Amino acid sequence: MAAVMAAPVAALRAWSEAVARAETAARGALAATAPLLGSLAALAAQMRAARRLPWDATALGAFPELRARLWRKQRGAAEALLEQLGQRREELRAVRDAVGAAGSAVLRLVEERGPAELGLAAVLRRGPRCPSLADVLEGLQDVERYYRHLYLEIKLLLQRLSLDSLADVEALPQSWERILERYKEDEVVQDTLLKASLFVENHHEVSCSPGS
């Protein structure tokens with residue numbers, strides 16, 4: 001049994017390492033995104049205020065080029081922030097891709113071996129402190145879905161951004177918080193990492209025991 005499960009165990013160990021790295025990268029990207037959105041929202045508020053300012057009715061009316069210069073400066077700063085946000089989005093895309101590739105590698109291995117080699121009973125067998133391989137595989141798909149949906153929501157949020165709609169840009173922090181609220185509990189990730197760890201440890205102990 002230990003020899004039959006050696007390949008899935010090795011693949012799950014590699015998956016766990018890949019997901020742990022991806023989780024760290026995702027947390028970093030999310031943490032870096034919040035202040036960028038805050039700065040962009042504040043800048044949008046300034047740009048809206050500048051638009052509403054009655055320039056011609058003030059002393060600034062004597063300097064018509066000042067208004068255009070200020071707008072170009074503000075827009076340039078906003079575009080720089082949008083570029084940085086695009087970089088954070090790409091980091092999250094890389095997380096999604098890494099998790100998806102790692103999960104696909106495990107699933108492909110199990111599909112190639114199939115019930116004929118692994119045995120259906122072995123795939124479904126649970127122990128007192130060890131989940132079944134089927135349980136772990138289901139968790140892998142849940143984790144892939146978690147990161148895929150997280151990336152998709154953030155991608156759509158950032159794609160909708162337009163400096164032609166400053167009110168929407170100003171409301172960015174609230175939209176961002178709603179996304180984080182939906183994904184703040186990454187229990188599916190932690191639960192599946194634990195299941196994979198228990199499965200790997202259990203089969204390592206079996207393979208190392210006398211007579212295995």
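What you see is a predicted model; the values in this text were computed from it and never measured.

**Q** Explain the overall build of the protein chain to me, please; I cannot follow it from the model alone.
**A** When you go through the protein chain residue by residue, the secondary structure sums to seven helices and zero strands. In sequence order, the protein chain lays out its α and β elements as α-α-α-α-α-α-α. Scored against the burial criterion, the 212 residues of the protein chain give a buried share of 37%. Long-range pairs, those at least 24 residues apart, make up 85% of the contacts in the protein chain with a sequence separation of at least 6. When the accessible surface of the protein chain is totalled, it reaches about 11,800 Å², and 55% of it is carbon and sulfur.

**Q** Explain the nonpolar core to me, please; I cannot follow it from the model alone.
**A** Among soluble globular proteins, nonpolar side chains are generally buried collectively. Counting residues in hydrophobic clusters, the biggest one holds 53 residues, and the most contacted among them are Leu12, Trp15, Leu40, Tyr147, Ile154 and Phe199. Excluding anything up to four places from it in sequence, tryptophan 15 contacts Val99, Ala102, Gly103, Val106, Leu140, Val143, Thr192, Leu193 and Ala196.

**Q** Before we go on, may I ask you to explain the packing of aromatic side chains in this structure?
**A** Within a pair of aromatic rings, the relevant descriptors are the distance that separates the centres and the angle that separates the planes. Within this structure, the stated rule accounts for two aromatic pairs. A centroid spacing of 5.1 Å and a plane angle of 90° characterise the contact between tyrosine 146 and tyrosine 147, whose relative ring orientation is edge-to-face. Ring centres 5.6 Å apart and planes at 70° place the aromatic pair tyrosine 146 and tyrosine 183 in the edge-to-face group. On the criterion of sequence distance, the pair formed by tyrosine 146 in helix H4 (residues 133–159) and tyrosine 183 in helix H6 (residues 172–183) is long-range, its members being 37 residues apart. Judged by its relative accessible area of 13%, tyrosine 146 falls in the buried class. Every member of this aromatic cluster is reached through a ring pair, and the members are Tyr146, Tyr147 and Tyr183.

**Q** I would appreciate a short explanation of the environment of leucine 109 in the present structure.
**A** The topology assignment puts leucine 109 in helix H2 (residues 64–118). Discounting residues that sit within four places of it in the chain, leucine 109 has contacts with Ala7, Pro8 and Ala11.

**Q** Honestly, the pattern of salt bridges in this entry has me stumped. Any pointers?
**A** A pair can form between side chains of opposite charge whenever their charged atoms are brought close. Under the defined criterion, the tally for this structure stands at eleven salt bridges. The residue arginine 27 makes a salt bridge to glutamate 23 at a minimum N-O spacing of 3.3 Å. Of this pair, arginine 27 and glutamate 23 both sit in helix H1 (residues 2–52), four residues apart, which is roughly one turn of that helix. Close ionic contact of arginine 75 with glutamate 79 constitutes a salt bridge, the shortest N to O distance being 3.4 Å. With arginine 75 and glutamate 79 both in helix H2 and four residues apart, this pair spans about one turn of that helix.

The rules we used
Residues numbered from 1 in each chain as written. Predicted model: local features only at pLDDT ≥ 70, side-chain atom pairs only at ≥ 80, totals over all residues. Heavy atoms only, no water. Helix = DSSP H or I, 4+ residues; strand = E, 2+ residues; numbered from the N terminus. Buried < 20%, exposed > 50% of the residue type's maximum accessible area, 1.4 Å probe, protein only. Contact = heavy atoms within 4.5 Å. Areas by Shrake-Rupley, 256 points an atom, 1.4 Å probe, with all protein chains shown as cover. Core = buried A, V, L, I, M, F, W, Y, C linked by side-chain atoms within 4.5 Å. Phe/Tyr/Trp six-rings, centres within 6.5 Å; stacked < 30°, edge-to-face > 60°. Salt bridge = Lys/Arg side-chain N within 4 Å of Asp/Glu carboxyl O.

Remember that the coordinates give geometry; whether it matters functionally is a separate question.
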